[in-house]
Amino acid sequence: MSTAEPSRYDEMLAPDGSVRAAYRDYEQWLERQDPAVLRRKGGEAESFFRRTGITFNVYGEADAEERLIPFDMVPRIITGQEWRRLSRGIEQRVRALNAFIHDLYHRQEIIRSGRLPVRLLRENSAWLPQMVGFTPPGGVYTHIVGIDLVRTGPDQFMVLEDNARTPSGVSYMLENRETMMSMFPELFTQVKVRPVSGYPRSLAASLAACAPDGAGPKPTIAVLTPGIFNSAYFEHAFLADQMGAELVEGSDLRVFDGRVQMRTTDGFRPIDVLYRRVDDEYLDPLTFNPASVLGVPGIMDVYRAGRITIANAPGTGVADDKAIYSFMPEIVKFYTGENPILPNVKTWRCADADSLKYVLENLSELVVKEVHGSGGYGMLIGPTSSKKEIEAFRAKLVARPENYIAQPTLALSTCPIFTAKGLAPRHVDLRPFVLVSPEGVDITPGGLTRVAMKKGSLVVNSSQGGGTKDSWVLDD
């Protein structure tokens, strides 16, 4: 067994080396396993992922070769009690996000109240004037949401990031579980784990519930992908297949008779709900980027006429902005009347002169992120950066302070990974997946655990070498 890292919360082991309650049944099973067999199983999992096509591309790399996201076979385990608290906090936050986005495109009460500066809209390229005054079918903007959580102690979960635009990774959550059940079927008879396999059915039902008026009892759903060269294409194809929906590209669609219609072997057929994995900018060349060949000319006219549902709604990316994130405690309180159940990570807004002064004086101790950044790019992790890197970043920060926020370097919790020398702790985060419809909020128990495979690393993003784990919520 490994030992708990000093000052880090080890989710499996207490400081005295004893096994925490969540992991006891798993640890008893693990003690009976032959390490050589486990190593062989790890190799089998990699072969399975490669055969299945679970790969991703890293944009901007010269070789652009497809890579496997490393999979670790030691599950990340959460008790039922912990999950109930997390679920309450996630639902509260998602409801607030949806109300917030509706408000930004209508009366902007939160800006009128003085709780949110209007510059955050003016400077936010994800805010779309074309959505002003329009309410999507069912009043839902954020049909699929990913809330990134980090843990720093026994009862300390915090929200690191909100993904309200096109959150990815749910296919890994599903395939990780299927792989674990295939490799270790007996383990799931000994440890009662809540299932995640119902997600595709729940996704289809949730999207159908958001269909526009007149769609009929069985709305037609399609998944819009940019195509096979997109880094998440596997997920697009996987979800379409699992839902029984059509996988389409922009070239398969056209607008006529006031509807968005897809080409089939029997001619064109109207679509009621389009789960798009294409960014706003490329969705409609007549409304946004005229050079786009990924979207559908005229789809925004059909959308605003209430004759198709687009999930997630155009313009939801305004809520992904990290400067907006820093106001989420106020946003939750404003729209729910409650204090946030899940707190934010402390955040300094570098657009504020006093905050900028503090950040510049403490760069070596902080994590600094681009307001619109993602994937682990465009950020500085002060404690692991050289003096040269810090000074180069300082120049960027001084030149464009409004483009950055800063946060403390958190003591992220660790979970063990399986290595050639046995179990070793690595830092993790968690992305639960949330479905929103007029019928309610549905949170899949668990989500995607991302793990920093390198010792001491705090970066869990797959584009930066991170891996994934199966996430278990115990059925107690």
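All values reported here derive from a predicted model rather than from experimental measurement.

**Student:** Where do I start with the overall build of the protein chain in this structure?
**Tutor:** Scanning the protein chain from N- to C-terminus turns up 14 helices and 22 strands. The C-alpha radius of gyration of the protein chain comes to 23 Å, within 12% of the 23 Å expected for a compact globule of 476 residues. Here the C-alpha coordinates of the protein chain stretch approximately 65 × 60 × 50 Å along the principal axes. A total of 476 residues make up the protein chain; the buried ones form 55% of that total. Taking the intrachain contacts of the protein chain between residues at least 6 apart in sequence as the baseline, contacts between residues at least 24 apart amount to 68%. When the accessible area of the protein chain is evaluated, it comes to approximately 20,600 Å², of which 49% is carbon and sulfur surface.

**Student:** Quick question: what am I supposed to make of the sheet that holds strand 10 (residues 267-270) here?
**Tutor:** Within a sheet, adjacent strands bond to each other through the backbone by hydrogen bonds, running parallel or antiparallel. Strand order in the open sheet made by the 3 strands is 8-9-10, with antiparallel pairing throughout. Among the strands making up the open sheet, the edge pair consists of strand 8 (253-256) and strand 10. Strand-to-strand twist across the sheet, computed as the mean angle between neighbouring axes with direction ignored, equals 45 degrees. Where strand 9 (residues 259-264) meets strand 10, 4 bridges bridge the pair, whose relative direction is antiparallel. Paired with M262 across the strands is R269, a residue of strand 10.

**Student:** Which parts of the structure should I look at to understand the nonpolar core?
**Tutor:** Across soluble globular proteins, you tend to see nonpolar side chains buried next to one another. Among the nonpolar cores identified, the biggest contains 72 residues, and I90, L104, L116, M131, L253 and L274 are the most heavily contacted of them. What I90 contacts, discounting residues up to four positions off in sequence, is W83, I147, L149, L342, P432, V434 and I443. By size, the runner-up hydrophobic cluster in this structure holds 31 residues, among which are Y26, M73, I417 and V451.

What counts, and at which threshold
Residues numbered from 1 in each chain as written. Predicted model: local features only at pLDDT ≥ 70, side-chain atom pairs only at ≥ 80, totals over all residues. Heavy atoms only, no water. Helix = DSSP H or I, 4+ residues; strand = E, 2+ residues; numbered from the N terminus. Rg over C-alpha atoms; globule rule 2.2 N^0.38 Å. Buried < 20%, exposed > 50% of the residue type's maximum accessible area, 1.4 Å probe, protein only. Contact = heavy atoms within 4.5 Å. Areas by Shrake-Rupley, 256 points an atom, 1.4 Å probe, with all protein chains shown as cover. Pairing = 2+ DSSP bridges. Axes fitted to C-alpha atoms, helices over the stretch in contact; angles between N-to-C directions. Core = buried A, V, L, I, M, F, W, Y, C linked by side-chain atoms within 4.5 Å.

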